[in-house]
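Structural overview
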Amino acid sequence: SQQGEEDPQALSIQEGENATMNCSYKTSINNLQWYRQNSGRGLVHLILIRSNEREKHSGRLRVTLDTSKKSSSLLITASRAADTASYFCATAYYLSGNTPLVFGKGTRLSVIA
Amino acid sequence: DAGVIQSPRHEVTEMGQEVTLRCKPISGHNSLFWYRQTMMRGLELLIYFNNNVPIDDSGMPEDRFSAKMPNASFSTLKIQPSEPRDSAVYFCASSSTGGGANVLTFGAGSRLTVL
């Protein structure tokens, strides 16, 4: 399977703390993406990092990618209660075009106010 | 744009009945994906279309599942006959080739319960 694996499966933190989630994958990728899913809703794209990039920022989000270790991390700084959701990494297992993403099982983040 | 629109949002049916899930992708997106989400298996890709043509249906669990995309603005996923193990949330997502990246926009999902 080329599925990404997130770690930890669940994470509970206090508001204001930072949250770090990790993702490992198995094959060479074109890009890696992170999505968020609020309870009962569809997934929403957060950020994309290409295989030739090492770090990317978007607001309070920071993503790193280590292709030698086939791993990525998502850091949410100064977390808020509204960040409570499941977070998924997704990898594209072809090199180009509209190829499907393979998702991990996600990390459930709970931010306690 | 209203985003990816799925219907119905919830469906409860009895084993053996036919189920049809519908999806309207974002206008201008040329790829459409059907995923299924369960607690045990996570998000599984069932089938995807490029320019209305099915490209890979290897994720469709059985012959009971079929999907069509008769035009660029509509797709259906049909289960006939349905079984309790088909209970899951079914997501439709669409994307375009702009920029060479495959960022997906998901619908809100159709929650299927088969009794």
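Scroll up a little and you will see the structure.
Residues numbered from 1 in each chain as written. Chains lettered and ligands numbered in written order. Predicted model: local features only at pLDDT ≥ 70, side-chain atom pairs only at ≥ 80, totals over all residues. Heavy atoms only, no water.

Now for unusual backbone geometry. Residues and elements named next belong to chain B. Omega for the peptide link from S7 to P8 comes to -10°, which places this bond in the cis form. In this fold, P8 is placed in the loop between β1 (5-7) and β2 (10-13). That bond from Q80 to P81 is cis: its omega, -5°, falls within 30 degrees of zero. Tracing the backbone shows P81 in the loop between β8 (74-79) and β9 (88-95). (Helix = DSSP H or I, 4+ residues; strand = E, 2+ residues; numbered from the N terminus.)

All names here are of chain A. Spatially, 5 strands are ordered β1-β3-β8-β7-β6 in an open sheet, and the strand pairing comes out antiparallel. Either end of the sheet is taken by a strand with one partner, and the two such strands are β1 (5-7) and β6 (55-58). Recorded for the sheet is a direction-independent mean angle of 20° between the axes of neighbouring strands. (Pairing = 2+ DSSP bridges. Axes fitted to C-alpha atoms, helices over the stretch in contact; angles between N-to-C directions.)

So, about the state of the cysteines. Under the counting rule described, the total for this entry stands at 2 disulfides over all chains. Two residues share a disulfide in this structure: A:C23 and A:C89, whose sulfurs sit 2.0 Å from each other. The chirality of the disulfide connecting A:C23 with A:C89 is right-handed, given an S-S dihedral of about 65°. Of this pair, A:C23 sits in strand β3 (residues 19-24) while A:C89 sits in strand β9 (residues 85-92), placing them 66 residues apart in sequence. Across the disulfide from B:C23 sits B:C92; the S-S distance is 1.9 Å. (Disulfide = S-S within 2.5 Å.)

Across the contact, 27 residues belong to chain B and 23 residues belong to chain A. Here chain B and chain A share an interface that buries about 1800 Å² over both sides, 48% of which is from carbon and sulfur atoms. Three residues stand out in chain B for area buried against chain A, namely B:L43, B:N102 and B:F106, and they jointly supply 30% of the buried area on that side. The tally of links between chain B and chain A comes to 0 salt bridges. Remark: the boundary between chain B and chain A carries 6 residue pairs in polar contact (both at pLDDT 80 or more). (Contact = heavy atoms within 4.5 Å. Buried area = accessible area lost by both parts, 1.4 Å probe. Salt bridge = Lys/Arg side-chain N within 4 Å of Asp/Glu carboxyl O. Polar contact = N/O pair within 3.5 Å; in protein donor to acceptor, adjacent residues only side chain to side chain.)

Looking now at the environment of B:L45. With respect to the helices and strands, B:L45 occurs in strand β5 (residues 42-50). The spacing of B:L45 and B:W34 is 11 residues in sequence and 6.2 Å in space, taken between C-alpha atoms. For B:L45, the contacting residues outside a window of four places in its chain are A:P100, B:F33, B:W34, B:Y35 and B:G59.

Below, the discussion takes up the environment of A:A85. All names here are of chain A. Mapped onto the secondary structure, A85 falls in strand β9. By relative accessible area, A85 is classed as buried at 7%. Note: C-alpha distance between A85 and I47 (38 residues apart in sequence) is 15 Å. In this view, A85 contacts R36, Q37, N38, T107, R108 and L109; residues no more than four positions away in its chain are not counted. (Buried < 20%, exposed > 50% of the residue type's maximum accessible area, 1.4 Å probe, protein only.)

This part is about the packing of aromatic side chains. Applying the stated criterion across every chain yields a total of 7 aromatic pairs over all chains. With centroids separated by 5.8 Å and ring planes inclined at 75°, the aromatic side chains of A:F103 and B:F106 adopt a geometry described as edge-to-face. You can see A:F103 sitting in strand β10 (residues 101-103) and its partner B:F106 sitting in strand β10 (residues 105-106), one on each of two chains. Classification of B:F106 by relative accessible area gives buried; the value is 9%. Feature note: the residues A:Y35, A:F103, B:Y35, B:F91 and B:F106 constitute an aromatic cluster, connected by ring pairs. (Phe/Tyr/Trp six-rings, centres within 6.5 Å; stacked < 30°, edge-to-face > 60°.)

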